[in-house]
Amino acid sequence: MRGARQVALYGVVALVLLWTLVPLVWMVLSSFKSPDDLVSSTPRLLFAPTFEHYIGLFTGGNALGGYIKNSLIAAGASTLIAVVLGCLAGYGLARSRFRGKHHVSMWIISTRMAPIAAVILPLYAVFRALDLLNTTPGLIIAYLTFNLPFAIWIMNAFFADLPVALEEAAMVDGASRFGAFWRVALPLTAPGIVTTGILCLVFSWNDYAFAQSFAGPGSQTLPVAASQLITQTGINWGQLMAIGTIVVLPMVIVGLAVRRYLVKGLTLGAVTGE
Amino acid sequence: MRRRASAAGAMGVPGGLSRRDFLKMSGAGLAGASLLGLAGCGEQSSQGGGEGWKQYSGMTLNFISENTAPTSAIAANLKPFKDLTGIDVKINQLELGALVQKVSLDVSSGDPSIHVIYADPYQVLAPFSAAFADLNDFEGDDSLPSVKKGFGDFIPTQLAAAGRFEDEEALYALPYDCPTMVWMYRKDLFEKYGDKMSQDLGFDPMPSDKITWDQYYEIANWFNKNASEVEYGSGHQSKQYDSLMCDFSNIMWSYGGDYFENGEQVGKIGTEDPGASLLDQDGAVEAATFYQKLVGISHPGSTSWDWTALDEAFRAGNIAMAPNWHEFAAGIEDSNLGGKVGYTRLPGGPTRSASMWGGTGLGINGELNEDEQRAAWLFLVWATSPETQLSGLKSNVGGGTPTRQSVYEQPEVKNATKPPTDLPNMLTYDAVSEAWKPENIGLRPKIEKWNECNTVIFTELSKMLAGDKGPEQAMRAAKEGFDRANGA
Amino acid sequence: MSTANPGGGKGGARRLVPSFEARMLLPALLLLAAISLFPFFYIIYMSFNEVSLIGGVDFEWVGLENWVEMFTDPNVRNSWITSGVYFIATVGLEMVLGIGIALLVHELVWGKNLVLSMLLLPMFVAPVIVGLLGRFLVDSTYGLYAWFLESTGLITWEILGSKTSALMAVILMDVWEWTPLITLIVLAGLSSMPQTVLEAAKVDGANYFQRLRHMVAPLISGVVVVALLIRSMDAIRYYDIISVTTNGGPADATKVIPIRLYETAFRFQELGYAAAIGLGMLAFSILVANLFMRILRGQERAR
């Protein structure tokens, strides 16, 4: 009985995996196909693999290396800043008691809902005035507009779930307020920090709209590189699949490395800021 | 872009067109420019040539361009320009929609950073004409090199369509590329079935501008029923997108319809006030009715295809014929359909055979300081020079086609118009050279609000093709949309 | 607003503690204010103006014109309807599938971690690539899915070429990408449930669905709302997938409101009108968020 149920369970799981993985496997396979195999009208599973698309991406006038570097720096730095400030502010918000706190937390999260295309012009004006256009720091700031509120909001939830008693105990033992935060609260929310970091990284790594608007040839990121494969005379599917593989790979490695934390980290309680 | 860049990177390998050849060609060509200029074109006021090329050495220019073949060829080979002028060029290649956004933002700053703009006449030049410098100022300046062989070397319809707005004198851009719609068809299939078709249909089906759109429809239908090699006879670029407007416009003009009164002038020179739209008139409505019928028997993929997807379907052998941009010829000849495809002018209608021109010019941002503008001019002169155009044409990734008459007159180019050829795009020459004549060229309206009008017409057509609206209703809605956008 | 309140203010005078919290809060809040308040007020101002771009931004006051237009423009209304369908379908499907898959994975005894690792992959793919990959898969000329659907006779027409299937396709692309996020969040909730309670219920003879209904659902509902909130915020804003696939077509079937916003702003250069549409979107997002927060708070009180 139990055995039969598990068999059925794995059957369904297999279907779900099929739905999830087929596009990705196809993307990776396609990145090794010759142009003829790529557009064959009956899909080809067996083919002579070629590295031409990867070679093409890393040679020539606009090698991909620069895009990868820009993506890593922009996404990495904005994530780091968002998580650090998010931890501080999330803790501060979780431990403070004041009227209208609910409104502050609502304001924080509402800044993440800004309509993308509408905020591009004002942000552009700011970046132009500060000479941040076409620079990586500019992109980092642009990514903070959505990562910072997200990090504060989520970290606030984690700290709010943490019993204050633990910090109070540490303070009785002579720890300062910050010491209690640093040595007691922070380690306990490590899974939450990792989760926040991963999600911020995913959001900024995956961004296209801001990068396309604020980045120039020297600071463009991988999703922009992908969109540039759409040319007037055709889409270079082979290289696109190769970029797709390259874009996904680092995130897969990071995601899998912290998977355990992710599951723990997303055990959220209150997120209302109360 | 990357495909271009990488392929261009591979140009150095033995067998392909080598990077050295390119250098030699453009270097030598430009060095000799002044001589040729003197000898060939007496009417030219300035001899420029070797003079003044180095005056902005050390400067960096930003060039924003759509991902097109000529830019990719240039991007991979900027060294000759650097050697000639000492100027660095940073090229940002984008999809056209993204380019329009970038230009919008750049001009909005009041302190622009883009020097050379790929000025699509409809999506960029018309709405932003005030931001462009008048090139006559540079051409007439003795301290600057002038355009080799003068402005007059550019194909006249293209010079006007790509370069002017509202004003017959001011010139804002130099013709840079010139994709033009032609009828692509499977020569092999027409040869195989020609006689049978001829018997069944009662006319000679061999593609030419003598064929009417009605006959095109019958041929497509015949393929649907009788040819097993292809899934459908015809395919179209009827995605709710720019491509749908282009595909439909050819037919509309051939039926005598037009967007506005005085359409030829509105297309060639452009206007800020086009007046009321004519899209609800008989010619346009008849064309819409026919178009609906034609797409109805065409490959069902048509309603999701833009021009590139249509090209892919054609190359995959799914359709026997299609109207598409002539520059796709290079890729087709390179595929397993190489040698099996013919290119001719589009079918005609009751009024004429019209071929949509989709070219673009290069312009200079007029809000820059004078030195920057002058440096940008150097790039314009070089990038549109006969030498650069010829090497683009020769590029083994199927670079763009020239916009200058003198390039087409060179023997090696002339000889390339018949197969076998090293310059596959030249196989379309007979078709496009006819198409560029004033009476044949199809020019969409060059008006400030074109982006909005374009969206209106392709959205209404898409609704018509989806069966939401009848042709008459759709065209009336399109007219209303046009008039609202233009305040007419 | 009371942003400054946790700072010095009256609260700070009462005891030392709040000022510490304020110091923790302030760096982030100041930065957030710097990068969000200016754009916010700027678009409010823009929405009452006609904006011209050439030679530097210039405003011409038009009062409520843009707002009136937004509420009367049938195209915008249609986009809102399409957006509503898109929103409900994507978020709805993602919630149902995400919760279902989480429950499924939770029951696995073998290979749970491996299965989860594989299930999470799609959310690490940039939306613009998800869109292009989706287009590659459903293309009738060479697409794997199109080929499969056609050879099995399930779908013989062009997927992105007709209205219903195009909308379904872009919805499913979004669902493919973001269901894993919901799965992950819900699974985290499930993992934190006290196992002893569930075991006891099992011994008492409650079947799976009874346990689900009476024990599991109340315990994870908070987490579920969080997941819902995170997804909702982005489902309204993002347009990457649609812009690289159908870009609104065919026949406006996929022209969701952010696509129309982008088009109004940067294709038509009507930035004032775009600002009004954008503020409409923002208002809708805040409304939805408030609604979900209220549910969440209600649940917490009930607990």
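Looking up chain C in an unreviewed UniProt entry gives the name Various polyols ABC transporter, permease component 1, with the organism given as uncultured Rubrobacteraceae bacterium. In its Subcellular location (unreviewed entry) section, the UniProt entry covering chain C states "Cell membrane". Within the UniProt record for chain C, the comment given under Sequence similarities (unreviewed entry) is "Belongs to the binding-protein-dependent transport system permease family."

Looking at the packing of aromatic side chains
Tallied over the full model, the rule gives 58 aromatic pairs over all chains. Between Y143 of chain A and F146 of chain A, the ring centres sit 5.7 Å apart and the planes meet at 40°, which makes this aromatic pair tilted. With Y143 of chain A and F146 of chain A both in helix α7 (residues 136–161) and 3 residues apart, the pair spans about one turn of that helix. Residue classification places F146 of chain A among the buried residues on the basis of a relative accessible area of 4%. Both rings, one in W213 of chain B and one in Y216 of chain B, keep their centres 5.1 Å apart while their planes meet at 65°; by these two values the pair is edge-to-face. Here the residue W213 of chain B and the residue Y216 of chain B both occupy positions in helix α11 (residues 213–226), the gap between them amounting to 3 residues, near one helical turn. Considered together, W213 of chain B and Y216 of chain B belong to a single accessibility category, that of buried residues.

Section: the interface of chain A and chain B
Counting residues at the interface gives 32 residues for chain A and 30 residues for chain B. Interface of chain A and chain B: buried area, both sides summed, is about 2,800 Å²; carbon and sulfur atoms make up 47% of it. Sorting the residues of chain A by area buried against chain B places R128, Q232 and T233 of chain A first, and these three jointly supply 28% of that buried surface. For the interface between chain A and chain B, the tally reads 14 residue pairs in polar contact (both at pLDDT 80 or more). Those elements that provide at least two residues to the side of chain A that touches chain B are α3 (52–58), α6 (116–129), α11 (209–214), α12 (222–227), β1 (230–231), β2 (234–235) and α13 (237–257) of chain A. For the side of chain A that touches chain B, the element with the highest residue contribution is α6 of chain A, accounting for 4 residues. For the side of chain A that touches chain B, a count of residues per class yields 14 nonpolar, 17 polar and 1 charged.

Quick word on the pairing of strand β1 (residues 49–52) of chain C
Alternating positions in β1 of chain C separate cleanly, N49 and V51 of chain C being buried on one face and E50 and S52 of chain C remaining unburied on the opposite face. Linking two consecutive strands that pair antiparallel, namely β1 of chain C and strand β2 (residues 58–61) of chain C, is a turn of 5 residues; a positive phi of about 75° is found at G55 of chain C within it.

Re the UniProt feature "transmembrane region" (unreviewed entry) in chain C
All names here are of chain C. Under the local residue numbering, the UniProt record ascribes the feature "transmembrane region" (unreviewed entry) to residues 24–45, 84–105, 114–138, 166–191, 212–230 and 271–293. With 100% helix and 0% strand, residues 84–105 has end C-alpha atoms that lie 31 Å from one another. Split by type, residues 212–230 is 100% helix and 0% strand. Its first and last C-alpha atoms lie 24 Å apart.

Digging into helix α15 (residues 307–315) of chain B
With respect to burial, α15 of chain B is a largely interior element, 8 of its 9 residues being buried. Those residues of α15 of chain B lying buried are W307, T308, A309, L310, D311, E312, A313 and F314 of chain B.

Observations concerning the confidence of the model for chain B
Averaged over all residues, the pLDDT of chain B equals 88, while 89% of them reach at least 70. With pLDDT under 50 throughout, residues 1–49 of chain B is counted as low confidence; its partners more than four residues away or in other chains account for 94 contacts.

Regarding the interface of chain C and chain A
On the chain A side, the residues contacting the 97 residues of chain C number 105 residues. Interface of chain C and chain A: buried area, both sides summed, is about 9,300 Å²; carbon and sulfur atoms make up 79% of it. When residues of chain C are sorted by the area they lose upon contact with chain A, M24, F124 and R237 of chain C head the list and together hold 8% of the total. At the surface where chain C touches chain A, the tally comes to 3 salt bridges.

Structural notes on the pairing of strand β1 (residues 60–66) of chain B
Residue and element names in this part refer to chain B. Summarising burial for β1: 5 of the 7 residues are buried, a large majority. Pairing geometry for β1 and strand β2 (residues 88–94), over 7 bridges, is parallel. Looking across to β2, one finds that T60 is bridged to D88.

Focus: helix α18 (residues 386–394) of chain B
Along an α-helix, residues three or four apart share an orientation, since each turn contains 3.6 residues. Counting buried positions along α18 of chain B gives 9 out of 9 residues, so the element sits mostly inside the fold. Every buried residue of α18 of chain B is accounted for by P386, E387, T388, Q389, L390, S391, G392, L393 and K394 of chain B.

Describing the nonpolar core
Of all hydrophobic cores here, the largest spans 256 residues; its most connected members are F210 of chain A together with W377 and F379 of chain B. Among the elements that take part in this core, helix α8 (residues 163–191) of chain C stands out by supplying 16 residues, more than any other. Judged by nonpolar contacts, the second largest core, of 96 residues, contains M197, V266, M356 and C453 of chain B.

Here's the deal with the pattern of salt bridges
What the rule picks out here adds up to 33 salt bridges over all chains. Two residues, R345 of chain B and D209 of chain B, come together in a salt bridge whose shortest N-O distance is 3.0 Å. Highlighted residues: R345 of chain B in the loop between β8 (341–344) and β9 (355–356) and D209 of chain B in the loop between α10 (187–201) and α11, separated in sequence by 136 residues. With its nearest N and O atoms 2.9 Å apart, the salt bridge here joins D430 of chain B to K418 of chain B. Within this pair, whereas D430 of chain B is found in helix α21 (residues 429–435), its partner K418 of chain B is found in the loop between α20 (411–414) and α21, the two being separated by 12 residues in sequence. Bridged by salt links that share partners, the residues K463 of chain B together with D252, K255, R260 and E263 of chain C form one connected network.

A word on unusual backbone geometry
It is generally the case that most residues other than glycine have a negative phi and that most peptide bonds are trans. For the peptide bond that leads from P419 of chain B to P420 of chain B, omega is -5°, which places it in the cis range. Each neighbour pair has its own omega, and for G249 of chain C with P250 of chain C the value is -15°, a cis peptide bond. Take P250 of chain C: it is sitting in the loop between α11 (240–244) and α12 (257–267). A positive phi angle, near 60°, is found at N262 of chain B, a position not held by glycine. Note on placement: N262 of chain B falls in the loop between α12 (242–254) and α13 (263–268). If you check the backbone angles, Q269 of chain C has positive phi at about 55° while not being a glycine. One can find Q269 of chain C in the loop between α12 and α13 (271–302).

Quick word on the sheet that holds strand β6 (residues 232–234) of chain B
Residue and element names in this part refer to chain B. Strands sit in the order β6-β7-β5-β8 across an open sheet of 4 strands; the sheet is mixed. Lying at the two open borders of the sheet, with one neighbouring strand each, are β6 and β8. Strand-to-strand twist of the sheet, defined as the mean angle between neighbouring strand axes without regard to direction, takes the value 25°. Pairing between strand β5 (residues 181–186) and β8: 4 bridges, direction antiparallel. Each residue of the ladder has a partner; that of Y185, found in β8, is G342. The sheet contacts of α10 involve β5, β7 (319–325) and β8, and relative to β5 the element is tilted by about 55°.

Some details on the domain arrangement of chain B
Residue and element names in this part refer to chain B. When the domains of chain B are assigned, the result is domain 1 (2–177 + 358–409) and domain 2 (181–356 + 439–486). Counting residues at the interface gives 20 residues for domain 1 and 22 residues for domain 2. Considering only the surface of domain 1 that becomes buried against domain 2, Y122, F165 and E166 emerge as the three largest contributors, covering 34% of it. The interface formed by domain 1 and domain 2 includes 0 salt bridges. On the surface where domain 1 and domain 2 come into contact, there are 8 residue pairs in polar contact (both at pLDDT 80 or more). Counting only elements with at least two residues in the side of domain 1 that touches domain 2, the list comes to α7 (121–128) and α9 (156–163). In terms of residue count, α7 provides more of the side of domain 1 that touches domain 2 than any other element does, 5 residues in total. A breakdown of the residues in the side of domain 1 that touches domain 2 according to their chemical character gives 9 nonpolar, 6 polar and 5 charged.

Calculation criteria
Residues numbered from 1 in each chain as written. Chains lettered and ligands numbered in written order. Predicted model: local features only at pLDDT ≥ 70, side-chain atom pairs only at ≥ 80, totals over all residues. Heavy atoms only, no water. UniProt positions renumbered as here; feature names shortened; annotations may be inferred. Phe/Tyr/Trp six-rings, centres within 6.5 Å; stacked < 30°, edge-to-face > 60°. Helix = DSSP H or I, 4+ residues; strand = E, 2+ residues; numbered from the N terminus. Buried < 20%, exposed > 50% of the residue type's maximum accessible area, 1.4 Å probe, protein only. Contact = heavy atoms within 4.5 Å. Buried area = accessible area lost by both parts, 1.4 Å probe. Polar contact = N/O pair within 3.5 Å; in protein donor to acceptor, adjacent residues only side chain to side chain. Nonpolar A, V, L, I, M, F, W, Y, C, P; charged D, E, K, R; others polar. Pairing = 2+ DSSP bridges. pLDDT = per-residue confidence, 0-100. Salt bridge = Lys/Arg side-chain N within 4 Å of Asp/Glu carboxyl O. Core = buried A, V, L, I, M, F, W, Y, C linked by side-chain atoms within 4.5 Å. Axes fitted to C-alpha atoms, helices over the stretch in contact; angles between N-to-C directions. Domains from an automatic or database assignment.

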